[in-house]
Number of protein chains: 2
Amino acid sequence: TLPGGMVSTMNAILVEDLLSGSVPVGSQTVVEGWVRSKRDSKAGISFVAVHDGSHFDPIQAVVPNDLDNYESEVLAITTGCAVRIEGELTESQGKGQQFEIQATRVEVVGWIADPDSYPIAKKRHSFEYLRTVAHLRPRTNTFGAIARVRTTLANAIHSYFFERGFHWINTPLITASDCEGAGELFRVSTLDLMNLPIENGAIDFGEDFFAAESFLTVSGQLNVEAYCLAMSRVYTFGPTFRAENSNTSRHLAEFWMVEPEIAFADLSDNADLAEDLLTHVLTRVLDERENDIAFFQQRIDGTVIDRMRSIIDSKFEHMDYSEAIDILRQSGEPFEFPVGWGLDLQSEHERYLTDKYVGRPVI
Amino acid sequence: TLPGGMVSTMNAILVEDLLSGSVPVGSQTVVEGWVRSKRDSKAGISFVAVHDGSHFDPIQAVVPNDLDNYESEVLAITTGCAVRIEGELTESQGKGQQFEIQATRVEVVGWIADPDSYPIAKKRHSFEYLRTVAHLRPRTNTFGAIARVRTTLANAIHSYFFERGFHWINTPLITASDCEGAGELFRVSTLDLMNLPIENGAIDFGEDFFAAESFLTVSGQLNVEAYCLAMSRVYTFGPTFRAENSNTSRHLAEFWMVEPEIAFADLSDNADLAEDLLTHVLTRVLDERENDIAFFQQRIDGTVIDRMRSIIDSKFEHMDYSEAIDILRQSGEPFEFPVGWGLDLQSEHERYLTDKYVGRPVI
């Protein structure tokens, strides 16, 4: 299945390829993955739903009871088992899926030792519970969808910049600079905390790994700007850290951030770039991860598709800071945080400008 | 120049596009970049070499003395100035370049305050010296070539996996696990070093940011394996850290590492994947960054092209550990480190196997 005959014995077809219609009906095929659910009919047929992470939906294998290991193994299969199933791809008679596999061989590659205590049942689990089984939560709908969307997002971001002559700059994560105080810092050190080198009443960081006080970066901006003034179009896309115990939706303590820099450009060029990038990336995600986003819409956030479409379809409103402050002052809204020239805009202010005043994205 | 009319006022053409022949001779064009060198002829013509980071070579602009600002500005241009040059793309009469620009307008966007002390002269600088001017070294041939090759490498790696249905997993960089002791750890903390919380004679990491002793990751393996057993084909590509004061060519204290994991595969599939990935990536770099690699061959490492080609052209030798130990034992080579079943292979051992015994890559 992999282009170029890459891996000799890996001849399984991804569920995504089977469900997308890119494999002709009637083909002999092999699917490898994990059992999401199984149902044994009284007529002596088992229906095994197999997922392999490539697609939101599993594919259903129809297993007849004339297989050699039907009694001994197929009937014993439980959710979570790793299986390899060979058979013919057919159009499905059942509802909810277009294709299925008429199995001619079922191999159980890995059993679940104690099915009754398998942590990821076919039901809705809370995120708090899933934190306690982090090794298995990638098998859930939500975490699988997140991983697929993240991959598509990352590929869309990298491709966007690569196709436009940008250079990806890996700015250092361990740094001695604090980037204009953009956030609280994590210290990085190899000093023995129980035996710190003290000189004149202060820690002697000359004894530390880099012979200087060192932190995790809060932004690659300083470094990437130097590259911008040599390479013209550059961006960072890497991990960034903020040691803020804030628990807001703004960012985690560790998150991946994109920072483009363009030379010979002004603020308006920069705003256009941001708009074009967002539109490109969201379009790719809606096009390529439709099932995953539909799941988010249904279970996590009922407005996500509308909001993505509205960003794609709207021309962003360009507004300068002074204009924004004037509008907020005259709004008569009861904001929690004060509005004044020189103060940062808070989320509530940004939300008023985009949602109420302009009715589309503001930059 | 950017696809999709992305940036309204950014209408400069990249030097790479001008030199590659993708812009028709006779076109009116604009180039924006930095002056690598300038020569004023007695005949009243100036030759300005402009680089913008998109290509190893700068493009030459031929500036006639009938421009309004020729005396006042063009003659005063020095290495490092930021310029915007408009003119017609023509075939070059000079040797060493195929195309040049007959300038009709030269705008100096940024001057060098003190040209005599501009740190990046048109001569060869030592790497040690360039460390002291890190903000300007991206303008040198070497660092520009490194940035371009890294971008191509990164794009080749991400594209390879994306096209083959792999998911890019961002494993956590801050972690409490030490990944089987793969390397020495950097501690990550927000504790006040001058006022550490001590309980029962030990640091109380319950008071630290994550309420646990935390480190920078030495490998995302543990986390990505969990994703592999749900998503089938996954990889990490992110920063990794080793607090080893070793100064070898193996790795830096901070480096980017690729870790693929494939489910339903054996060691041989894994070896095939590694070979195919390396071949793919090196081929892309040789194809797309020919000038940069030629520069490395000439100035940094005279065997780099041969070694890249040999990896691309050779079928890798598969050899298991026991076989390698036997060969090394019987080699009669005076190795510095001991050879014995159960001991790690050192660089000298690997080099003997690849360079002397097999004569091509061994996996």
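Quick notes on the rules
Residues numbered from 1 in each chain as written. Chains lettered and ligands numbered in written order. Predicted model: local features only at pLDDT ≥ 70, side-chain atom pairs only at ≥ 80, totals over all residues. Heavy atoms only, no water. Helix = DSSP H or I, 4+ residues; strand = E, 2+ residues; numbered from the N terminus. Rg over C-alpha atoms; globule rule 2.2 N^0.38 Å. Contact = heavy atoms within 4.5 Å. Lys, Arg positive; Asp, Glu negative; His and termini not counted. Charge placed at Lys NZ, Arg CZ, Asp CG, Glu CD. Buried < 20%, exposed > 50% of the residue type's maximum accessible area, 1.4 Å probe, protein only. Salt bridge = Lys/Arg side-chain N within 4 Å of Asp/Glu carboxyl O. Polar contact = N/O pair within 3.5 Å; in protein donor to acceptor, adjacent residues only side chain to side chain. Least-squares fit on C-alpha atoms with pLDDT ≥ 70 in both. Phe/Tyr/Trp six-rings, centres within 6.5 Å; stacked < 30°, edge-to-face > 60°. pLDDT = per-residue confidence, 0-100. Axes fitted to C-alpha atoms, helices over the stretch in contact; angles between N-to-C directions. Parallel < 35°, antiparallel > 145°, perpendicular 65-115°, else oblique. Left-handed = near helix turned anticlockwise from the far one by under 90°. Nonpolar A, V, L, I, M, F, W, Y, C, P; charged D, E, K, R; others polar. Domains from an automatic or database assignment. Pairing = 2+ DSSP bridges. Expected span 1.5 Å × (residues − 1). Arc of directions from axis to C-beta.

## Looking at the overall build of chain A
Here is step 1 of the chain: A tally of regular secondary structure across chain A gives 9 helices and 13 strands.
Here is step 2 of the chain: In terms of overall dimensions, chain A is more spread out than a globule: its C-alpha atoms have a radius of gyration of 27 Å, far above the 21 Å expected for 363 residues.
Here is step 3 of the chain: The principal-axis extents of the C-alpha atoms in chain A amount to approximately 75 × 60 × 45 Å.
Here is step 4 of the chain: Long-range pairs, those at least 24 residues apart, make up 59% of the contacts in chain A between residues at least 6 apart in sequence.
Here is step 5 of the chain: Once the 30 positive and 55 negative side-chain charges of chain A are each reduced to a mean point, those two points are 8 Å apart.

## A short note on the side chain of Arg233 of chain A
Here is step 1 of the chain: Relative to the elements of secondary structure, Arg233 of chain A occurs in strand S12 (residues 233-241).
Here is step 2 of the chain: The side chain of Arg233 of chain A sits in the buried core without any salt bridge; Asp17 of chain B is the nearest counter-charge, 6.4 Å away.
Here is step 3 of the chain: Of the polar contacts made by the side chain of Arg233 of chain A, one reaches the backbone oxygen of Arg164 of chain A; its length is 3.0 Å.

## Some points on the relation of the copies chain A and chain B
Here is step 1 of the chain: Of the transformation superimposing chain A on chain B, the axial component is 0.0 Å and the angular component is 180°, with the fit at an RMSD of 0.1 Å. Interpreted geometrically, this transformation is the action of a two-fold axis. When each C-alpha of chain A is compared by its distance to the rotation axis, Val188 of chain A comes out closest, at 2.5 Å.

## Overview of the packing of aromatic side chains
Residues and elements named next belong to chain B.
Here is step 1 of the chain: Scanning all chains against the criterion turns up 31 aromatic pairs over all chains.
Here is step 2 of the chain: On the numbers, 5.4 Å between centres and 85° between planes, the contact of Tyr160 with Phe161 is edge-to-face.
Here is step 3 of the chain: Judged by relative accessible area, which is 0%, Tyr160 ranks as buried.
Here is step 4 of the chain: A ring pair is formed by Phe161 and Tyr235, whose centres lie 4.2 Å apart and whose planes are at 25°; its orientation type is stacked. One end of the pair, Phe161, is in helix H3 (residues 141-163); the other, Tyr235, is in strand S12 (residues 233-241), and 74 residues separate them in sequence.

## Brief notes about the confidence of the model for chain A
The predicted coordinates of low-pLDDT regions are not to be read in fine detail.
All names here are of chain A.
Here is step 1 of the chain: Here chain A averages 91 in pLDDT, and 95% of its residues register 70 or above.
Here is step 2 of the chain: Predicted confidence for residues 1-9 stays below pLDDT 50, and this span has 23 contacts to residues more than four positions away or in other chains.
Here is step 3 of the chain: Across the whole predicted complex the pTM is 0.92, and at the interface the ipTM reaches 0.91.

## Thoughts on the packing of helix H3 (residues 141-163) of chain A against H3 of chain B
Here is step 1 of the chain: It is the contact of H3 of chain A with H3 of chain B, at a shortest axis distance of 11 Å, that shows an interaxial angle of 140°. With respect to H3 of chain B, the element H3 of chain A is oriented oblique. As for how H3 of chain A packs across H3 of chain B, the hand of that crossing is left-handed. Contact with H3 of chain A, carried on its side by Thr151, Thr152, Asn155, His158 and Phe162 of chain A, involves Thr151, Thr152, Asn155, His158 and Phe162 of chain B of H3 of chain B and no other residues of that element.
Here is step 2 of the chain: Residue classes in the contact of H3 of chain A with H3 of chain B are distributed as 2 nonpolar, 8 polar and no charged.

## Some words on the domain arrangement of chain A
Here is step 1 of the chain: Under the domain assignment used here, chain A contains domain 1 (3-117) and domain 2 (143-278).
Here is step 2 of the chain: Domain 1 of chain A and domain 2 of chain A are separated by 43 Å when their C-alpha centres are compared.

## Observations concerning the interface of chain A and chain B
Here is step 1 of the chain: Between chain A and chain B, the contact holds 95 residues from the first and 94 residues from the second.
Here is step 2 of the chain: On inspection of chain A and its partner chain B, the count reaches 0 salt bridges.
Here is step 3 of the chain: At 13 residues, H3 of chain A tops the list of elements feeding residues into the side of chain A that touches chain B.
Here is step 4 of the chain: Of the strand pairs in this sheet, strand S8 (residues 187-189) of chain A and strand S8 (residues 187-189) of chain B are connected by 3 bridges, and their pairing is antiparallel. Along S8 of chain B, the bridge assignment pairs Arg187 of chain A with Ser189 of chain B.

## Topic: helix H9 (residues 347-358) of chain A
Residues and elements named next belong to chain A.
Here is step 1 of the chain: An ideal rise of 1.5 Å per residue puts 16 Å on 12 residues; H9 measures up with 15 Å between its terminal C-alpha atoms.
Here is step 2 of the chain: Where H9 is concerned, the buried positions are Glu348, His349, Tyr352, Leu353 and Val358. All buried residues of H9 fall inside an arc of 160° around its axis, so they share one side.
Here is step 3 of the chain: Where H9 is buried, its residues touch helix H8 (321-329).

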